[in-house]
Amino acid sequence: MKLEVSKEALFAKVQLVGRVSGKQVTLPVLQGIFLEAREGRVFLRATNLDIGLEGSVAAKIEREGVCVVSASVLSQVLGSMTKGGMISLESVEGSLAVGGVHGVSRLATLDHTEFPSLPQVEGGETVVLQASDLIAGIRSVWFAASQSSIKPELASVYLYEENGSMVCVATDSFRLAEKKVRMKKPAQLLPLLVPNRTVVDLMRTLEVCEGDVTVTFSSNQLSCSFEDVYVTTRLVDGTFPDYRQIIPADRVTTVVFLKQDILQALKKATIFSDRFNQVTFVVEPNKKKITLEARSADIGEMKEVVEGAIEGDDLTISFNQKYVIDAFQSIEADSVSFQFSGPGRPVIIQGVGDDSFLYLVMPMNK
Amino acid sequence: MYNTASASLSNRELWQNTLTDIELNVSKAVFNTWFKGTHIVKRESGIVYVGVPSQICKDWLSDKHHKTILEAIRGFVPDIRGVEYVIAKESRQPEEHQSQKNERLHSQLPLHEHYIDRSDNLNPRYTFDSFVVGSFNELAYAASQAVVNNLGIIYNPLFIYGATGHGKTHLIQAIGNHIKKLYPNKKVFYVTSEKFGTDYVTALQNNSVEQFKAKYRQHDLLIMDDIQFMSGREKTQEELFHLFNSLYENNKQIVFSSDQHPNYIQKLEDRLKSRFGQGMIIDISPPDHESRVAILRTKAAQNDFFLSDEAIEFIATTVEGNIRDLEGVLNRIMCHAQLKNTTLTLDELRALIKDSVKPQKNISHKEIVQCVASFYDIDEASIYEKTRKKEVVKPRQLIMYLMRNDFSISYPAIGQKLGGRDHTTVIHSCEKIKHDLLEDTALQQELYQIRAMLK
């Protein structure tokens, strides 16, 4: 393989594609980026077997060929070269020579026959979506997915279509996040379960895309392609629980806070929270007062009155403050409502005037 | 389905041996990357189906390692002709050490109850794959397959009946799940007749009968379970009748299940009975011995649990009752084996399942009379009276026949118990019923139903 290519264009693609390589330790070749020069382009490919990425850059090809080099080394080498200009790549006997204006680096290559090809989706359905819709949906919920792999369907982000909206859901069974995104391009979307191990990489990859993305999916595999980028991820073949049944319909107490106020109080509670991250909400409608309490035997305790509009009954209820704080990263409104359905039942957190995001947290027993 | 034909090696043993072999031929990294987490899903007519975790793994194994795998497997089972790769669901991961504090202190969202899809009420667990076919249910299975392949065209409605725990619900839900998989756009709906009834009553109360009608009429496949509970609910039956006609006219498939033949369901409108009969009515009889063995094997394999042939044989012969009982016993055994961390000996098994062996039930003659009288809807007292009304005579004779045949009571004793009749009367009755049974199929059915009720 011998070619000349724009350094910045190549560097950008190496950073995009190389994101997924190197995380897999069992097979050394997966730490690498697969480079292939053909038909006037250089193709870059990386995978950790769960997710695979491919991109390409236009290049002046002198000799076609393939090779695999460590993704992190290539990225560092390109990063330390002077900005702009063209560089040359040439594979010679077990190494890849990267030549710039001021010199040549030789990178050890890995056995390219060991490098897997990226799977294509077999017999799937294809839809066209706006990348920004997909990103908005995933970003609002992915953090709530279960980290444990005992239940693969919960260690996933659940995607489905409903009345022209794309609905993204994730839960670890202690809290649940749901985001509805009105699709600018309505499309039929069968229920999909994207594993949380790949969903962040998928999202970051799509962030590069400014327009439409073509999504193809079967029950096991999903792929997105836009411009010269192809990304494909394994899907979880399973059934997501019908979570809508656990969203309480009745409200006993509703409190509306300024987002800034409650967030500040919660952050303060973090300092004093014990190892269970417990924070207690004491709602007293008669006194028009909401108090947040946190206590730790080693550190001390705090009580903070937070201003808010209360509707409903008295209530004392405890939560893991980490779970509560998590909700705020997906709420854009200035005011948030906490809708309690009584002791021992989950609270609904939503931005005021924004139904598209819903967050559910289970209280703590104590 | 299990397969004993090709070898005595179980799938797990075969794959373990194969992997040990392959491990020697490839590098450790390659082995850990591509072969870890694979298993044999099934063996069928010389083809081994290997379950792999992902598409990428499937592509790689079939591209690069197919020959190695095939050769290794053939080394153990020579008559294997091919290897296919399928993407299997992730197998259950060993329990990780999760943050225990959460488990204890945090109540969880009650998600586990909601795996059943509410839009169609189908439980995804019930599939054809997990359905064990034996001589007792092969007809019902074949009919279900035919229905799946020709939805709404042949066997409409499909009516499956059989005693409880014989797999009716599994089979009819499997039809729904399969259709859902084949045609995601078809509307499938599973409902118990009880739910249908309550829905209807609610609709009446809320003045929303039109919505109710529309809701049920939109489906391409309607599955109604336990139709016998419709008995005596006239308005609901009428609604079902109209629903049936509407679906049938539009060539929509309807599947019913019941614990009795429709003709023997009490207080069921005749027009419904005749409509049930216009498609296909099939019974699932109690599983025979071989099927029970097969079921136990399959269930054990599904749970990755090893049971020796003797143990399976032993359970299949000693445990009375239906498939559900068998499953219960098996669960108990698995739980014990896991606790003790050893395989159980036959003696231990015997001790463990002693409660599940049902004792011979003692039935008094009064219960028989009661049962038969209620079956024919006549007054119990009339059996003992000296009346010779036609509608009483036949049940009375049947009672005598049952007491003699099934419970071996002497002729004079029977006569005495049924209002002081002469033993010759009893002998005559028994002979008459015996003779009638040879020709009268309706009587055979009735006797079958009554015996089922007496059990």
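Residues numbered from 1 in each chain as written. Chains lettered and ligands numbered in written order. Predicted model: local features only at pLDDT ≥ 70, side-chain atom pairs only at ≥ 80, totals over all residues. Heavy atoms only, no water.

Caption draft 1: Just the overall build of chain B, in detail. When its secondary structure is counted, chain B shows 20 helices and eight strands. When each of the 455 residues of chain B is scored for burial, the buried share is 45%. Put simply, of all contacts in chain B between residues at least 6 apart along the chain, 71% involve residues at least 24 apart. Per element, the accessible surface of chain B, about 23900 Å² overall, is 49% carbon and sulfur. (Helix = DSSP H or I, 4+ residues; strand = E, 2+ residues; numbered from the N terminus. Buried < 20%, exposed > 50% of the residue type's maximum accessible area, 1.4 Å probe, protein only. Contact = heavy atoms within 4.5 Å. Areas by Shrake-Rupley, 256 points an atom, 1.4 Å probe, with all protein chains shown as cover.)

Caption draft 2: Examining the packing of helix H8 (residues 209-217) of chain B against helix H9 (residues 234-249) of chain B more closely. Residues and elements named next belong to chain B. Look at H8 against H9: their axes get within 10 Å of each other, and the N-to-C directions meet at 45°. Relative to H9, the element H8 is oriented oblique. H9 is crossed by H8, and the crossing has right-handed handedness. Counted together, Phe212, Lys213, Tyr216 and Arg217 of H8 and Glu239, His242, Leu243, Ser246 and Leu247 of H9 form the full contact between these two elements. Here the contact of H8 with H9 is built from residues that sort into four nonpolar, two polar and three charged. (Axes fitted to C-alpha atoms, helices over the stretch in contact; angles between N-to-C directions. Parallel < 35°, antiparallel > 145°, perpendicular 65-115°, else oblique. Left-handed = near helix turned anticlockwise from the far one by under 90°. Nonpolar A, V, L, I, M, F, W, Y, C, P; charged D, E, K, R; others polar.)

Caption draft 3: Region of interest: empty space enclosed by the protein. Residue and element names in this part refer to chain A. Here the structure, examined in full by the defined rule, presents one cavity of 30 Å³ or more. In terms of lining residues, the largest cavity is bounded by Leu129, Leu134, Ile138, Leu159, Leu189, Leu192, Val194, Leu202, Val215, Leu222 and Cys224. Mapped by element, the contributors of at least two residues to the lining of the largest cavity are helix H3 (131-141), strand E13 (192-195) and strand E15 (221-226). Grouping the constituent residues of the lining of the largest cavity by class yields eleven nonpolar, no polar and no charged. (1 Å grid on protein atoms, 1.4 Å probe; cavity = no way out; pocket = protein on both sides within 12 Å on 5 of 7 lines; lining within 4 Å. Points joined across faces, edges and corners; volume = space filled by probe spheres on them.)

Caption draft 4: Spotlight on a nonpolar patch on the surface. All names here are of chain B. Together, Ile153, Ile154 and Tyr155 give the surface a local cluster of nonpolar side chains, amounting to about 270 Å² of exposed area. Tracing the sequence through the fold places Ile153 in the loop between helix H5 (138-149) and strand E4 (158-162). Taking the relative accessible area as the measure of exposure, Ile153 reaches 65% and is therefore exposed. (Patch = residues over 30% accessible without salt bridge, like charges linked within 9 Å, V, L, I, M, F, W, Y side chains within 5 Å. Salt bridge = Lys/Arg side-chain N within 4 Å of Asp/Glu carboxyl O.)

Caption draft 5: Broad picture of the sheet that holds strand E1 (residues 39-44) of chain B. Residue and element names in this part refer to chain B. Spatially, the three strands line up as an open sheet ordered E1-E2-E3, and their pairing is mixed. Of all strands in the sheet, those bounded by a partner on one side alone are E1 and strand E3 (82-87). Each strand axis lies, on average, 25° off the axis of its neighbour in the sheet, ignoring direction. Helix H3 (residues 55-76) rests against strand E2 (47-52) and E3 of the sheet, and its axis sits at about 155° to E3. (Pairing = 2+ DSSP bridges.)

Caption draft 6: Region of the structure containing the sheet that holds strand E10 (residues 156-162) of chain A. All names here are of chain A. Sheet architecture is open: nine strands sit in the order E13-E10-E11-E12-E25-E24-E23-E17-E21, paired in antiparallel fashion. Strand pairing shows two members of the sheet lacking a second neighbour, E13 and strand E21 (308-312), which therefore form its edges. Strand-to-strand, the axes of this sheet are offset by a mean angle of 20°, without reference to chain direction. As judged from the four bridges shared by E10 and E13, these two strands associate in the antiparallel manner.

Caption draft 7: The arrangement of the nonpolar core in detail. Judged by nonpolar contacts, the single largest core of 101 residues is most densely connected at Leu10, Val98, Phe281, Phe338 and Phe340 of chain A. In terms of residue count, helix H5 (residues 259-272) of chain A provides more of this core than any other element does, six residues in total. When residues no more than four places from it in sequence are discounted, the contact partners of Phe340 of chain A are Asp250, Arg251, Val252, Thr253, Val255, Phe281, Val283, Leu315, Ile317, Phe319 and Val347 of chain A. Counting 34 residues, the second-largest nonpolar core is a separate cluster that includes Trp15, Ile40, Val48 and Ile69 of chain B. (Core = buried A, V, L, I, M, F, W, Y, C linked by side-chain atoms within 4.5 Å.)

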